[in-house]
Amino acid sequence: MSAVVRELREETGLRVAVGPLVGSVRRPGPGDVVYDIFDYLATPIGGGLAAGDDAGDVRWVTPEELLRLPTSPGLVEALTEWGVLAFPRTPPRPVDPFAGSGAAARDAP
């Protein structure tokens, strides 16, 4: 759990209390690399929200606002499936920025 606390502090400026594991995914990386990603609930207990050196921006958003932001493929679907994101109604389907662009296919939900 200390690695989760350290990473969140470095990447967001927040001190957190780490809760339970909510889910995990495997995502392909460059070459033959496969990343195992483990997502935990975390409660802010101090610090100040600030983008780390590898991010251009950081902010709090509602679930509805999150749907309009560019995110990693499958992120919103996974968080919804794990019960981390809840919508008061059926969320609108996000616009696919790759539709009709001839871009390579993304991860299928």
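Colleague: Would you take a moment to explain the overall build of the chain for this structure?
Modeller: Looking only at helices and strands, the chain has three helices and two strands in total. Listing each helix as α and each strand as β along the chain from the N terminus yields α-β-β-α-α. Residues counted as buried form 15% of the 109 residues belonging to the chain. A fraction of 47% describes how many contacts in the chain between residues 6 or more apart in sequence connect residues 24 or more apart. When the accessible surface of the chain is totalled, it reaches about 8,100 Å², and 56% of it is carbon and sulfur.

Colleague: Any chance you could explain the nonpolar core here in plain terms?
Modeller: One broad rule of soluble globular proteins: the nonpolar side chains tend to lie buried together. Core analysis: the biggest nonpolar cluster contains six residues, these being Leu66, Leu67, Val76, Leu79, Leu85 and Phe87. Setting aside chain neighbours within four positions, we find Phe87 in contact with Pro63, Glu64, Leu67 and Thr80.

Colleague: Which parts of the structure should I look at to understand the layout of surface pockets?
Modeller: Here the idea is plain: a probe the size of a water molecule rolls over the atoms and shows the empty space left. Reported here for the largest pocket is a volume of approximately 1,600 Å³. As for the largest pocket, its lining consists of 34 residues, and the residues nearest its centre are Leu8, Thr12, Trp60, Leu75 and Leu79. Where the lining of the largest pocket is concerned, the elements lending two or more residues are helix H1 (2-12), strand E1 (14-28), strand E2 (34-47), helix H2 (63-66) and helix H3 (75-81). When residues in the lining of the largest pocket are grouped by element, the largest group, seven residues, is from E2. Of the residues contributing to the lining of the largest pocket, the split by class is 24 nonpolar, four polar and six charged.

Colleague: What is the right way to read the environment of Trp82 from this model?
Modeller: Counting through the fold element by element, Trp82 comes out in the segment after H3. The exposure class assigned to Trp82 is partly exposed, which follows from its relative accessible area of 23%. For the pair formed by Trp82 and Gly23, sequence separation is 59 residues and the distance between their alpha carbons is 6.4 Å. Non-local contacts of Trp82, meaning those with residues more than four positions away in its chain, are made with Val22, Gly23, Ser24, Val25 and Asp39.

Conventions and cut-offs
- Residue numbers run consecutively from 1 along every chain, following the written order of its sequence.
- The predicted nature of this model means local features are confined to residues of pLDDT at least 70 and side-chain atom pairs, given and counted, to a pLDDT of 80 or more, with totals for whole chains, interfaces and linings taken over all residues.
- With hydrogens and water stripped out, all remaining heavy atoms of the structure feed into the side-chain values.
- Only DSSP runs of H or I with at least four residues qualify as helices, and only runs of E with at least two residues qualify as strands; both kinds are numbered from the N terminus onward.
- Between buried and exposed lies partly exposed: a residue is buried under 20% and exposed over 50% of the maximum accessible area for its type, with that area taken using a 1.4 Å probe on protein chains only.
- Should any heavy atoms of two residues lie within 4.5 Å, those residues are counted as being in contact.
- Using a 1.4 Å probe, accessible areas were evaluated by the Shrake-Rupley method; residue-level cover was limited to the displayed protein chains.
- We call a set of buried Ala, Val, Leu, Ile, Met, Phe, Trp, Tyr and Cys residues a nonpolar core when their side-chain atoms join them within 4.5 Å.
- Definitions used throughout: a 1 Å grid over protein atoms alone; a cavity as a set of points that fits a 1.4 Å probe which cannot get out; a pocket as an open set with protein on both sides within 12 Å along at least five of seven lines; a lining residue as one with an atom within 4 Å of a point.
- Grid points are joined across faces, edges and corners, and a volume is the space filled by probe spheres set on the points.
- Following the grouping adopted for this structure description, the nonpolar residues are Ala, Val, Leu, Ile, Met, Phe, Trp, Tyr, Cys and Pro, the charged ones are Asp, Glu, Lys and Arg, and the polar ones are all others, Gly among them.

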